[in-house]
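Chain residues, written in single-letter form:
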Amino acid sequence: MNLNQLETLLTISKTMSFRKAGELLNLTQPAVSAQIKSLEDEFKTVLIDRNQPVTLTDSGRVFLEHAELVLQTVEDLKQRLADLNQIPQGHIHLGTTTSIAIQILPRVLSYFQNQFPLIKTTIHSMTSSQIMQSVENGTIDIGITYLFEKHPSLESSVLYYDTFELVVAPEHPLSRYAHVPIEKLHDIPLIMLSPETAGRRFVDQIFKQLYISPQIVMELSSSEEVKRMVELNLGAAIISKLSISNELRMGTLKMIKVNELEISHPVGVVYKSGRYLSSALNQFLLDLKGMQEIQFIGSE
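In this text the structure is predicted, and so the values were computed from the model without any measurement.

Reading the values: rules and limits
Residues numbered from 1 in each chain as written. Predicted model: local features only at pLDDT ≥ 70, side-chain atom pairs only at ≥ 80, totals over all residues. Heavy atoms only, no water. UniProt positions renumbered as here; feature names shortened; annotations may be inferred. Helix = DSSP H or I, 4+ residues; strand = E, 2+ residues; numbered from the N terminus. Pairing = 2+ DSSP bridges. Axes fitted to C-alpha atoms, helices over the stretch in contact; angles between N-to-C directions. Contact = heavy atoms within 4.5 Å. Salt bridge = Lys/Arg side-chain N within 4 Å of Asp/Glu carboxyl O.

Colleague: It is not clear to me how the UniProt feature "domain: HTH lysR-type" (unreviewed entry) in the chain should be interpreted in this structure. Could you clarify?
Modeller: Mapped onto this structure's residue numbering, the UniProt feature "domain: HTH lysR-type" (unreviewed entry) falls at residues 1-57. Summarising residues 1-57: 63% helix, 7% strand, and an end-to-end C-alpha distance of 19 Å.

In structure tokens, the structure reads:
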């Protein structure tokens, strides 16, 4: 069975004539007859009573109902595919870290969803290493994460820059200092991000280079958890500067400068090289890359 055969049956039902159907479809009368005969053979039933005037049999009427549904579904599909070129729509699975999801994405997604309401976005919270793996294996469409290393199978584009800073509670002994040497971190309890996170890998690298053995009292998987523990004055921490903007403004955390930590780290979007970009994904990437850095790091 093919769609042309269904079109032919529909046209015969309207014209009640093989000849007229052929004229409308630009087919010879034998070709029209052959298409109907092929359908009848495939479904082992008679669809048309060929006596004059031509009429549909009971089987033909039932068949026609389903044929019309099939043809309508095909037309709807054609229209939706055409709409994709005009109005971006679809579903995007985006992976990012908890701190980026909380601090950055509300601004980005509110703008994007206002512009393109037919695009649905699902956010998956994960570590930077998990984001890279998930983009590579296709579990998520794109990721927004720290770009510490190049992956040959992934495309990336920098969106903005962040730093990792030392933070303490206002009651902490170090809070009276604006700046401390990194050697001070030998002697204070530290609340650290878990080893697989981007921030922890950076801090571990700095400590290793300077032969610092930190006193780790707690390891947590997200910056949000770390901040809450630091606010309770259970230890100091080194976390993303952008993730603490609200706490600094409210005075629940104090940031202390450490020279060795003052390195800007690119945060960007990653997606798999050579993959098909749906209209939704293509539009999202275009808008994301077109945003200025201030739109990501500006105050709430």
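Right, picking up where we left off after that structure.
Colleague: Just to check I follow, could you spell out the sheet that holds strand β7 (residues 164-168) for this structure?
Modeller: Taken together, 3 strands build an open sheet; the order of strands is β10-β7-β11 and the sheet is antiparallel. Edge strands, defined here as strands with exactly one partner in the open sheet, are β10 (237-240) and β11 (254-256). With direction set aside, neighbouring strand axes in the sheet form an average angle of 50 degrees. Sheet topology places β7 next to β11; 3 bridges connect them, and they run antiparallel. Bridge pairing in β11 links Val-168 to Lys-254. Lying on the sheet, helix α9 (residues 223-231) is in contact with β7 and β10; it crosses β10 at an angle near 140 degrees.

Colleague: Looking at this structure, how should I read the pattern of salt bridges?
Modeller: Oppositely charged side chains are able to pair whenever their charged atoms sit close together. Under the criterion given, the structure shown has 15 salt bridges. For Arg-50, the salt bridge is made with Glu-40, and the minimal N-O distance between the two is 3.0 Å. Of this pair, Arg-50 sits in the loop between β1 (48-49) and β2 (55-56) while Glu-40 is found in helix α3 (residues 29-43), placing the two residues 10 residues apart along the sequence. The partner of Arg-228 in a salt bridge is Glu-231, and the shortest N-O contact between them spans 2.8 Å. Here Glu-231 and Arg-228 lie together in helix α9, a separation of 3 residues that amounts to about one turn. Salt bridges here are not isolated pairs; linked through shared partners, they connect Glu-224, Lys-227, Arg-228, Glu-231 and Glu-247.

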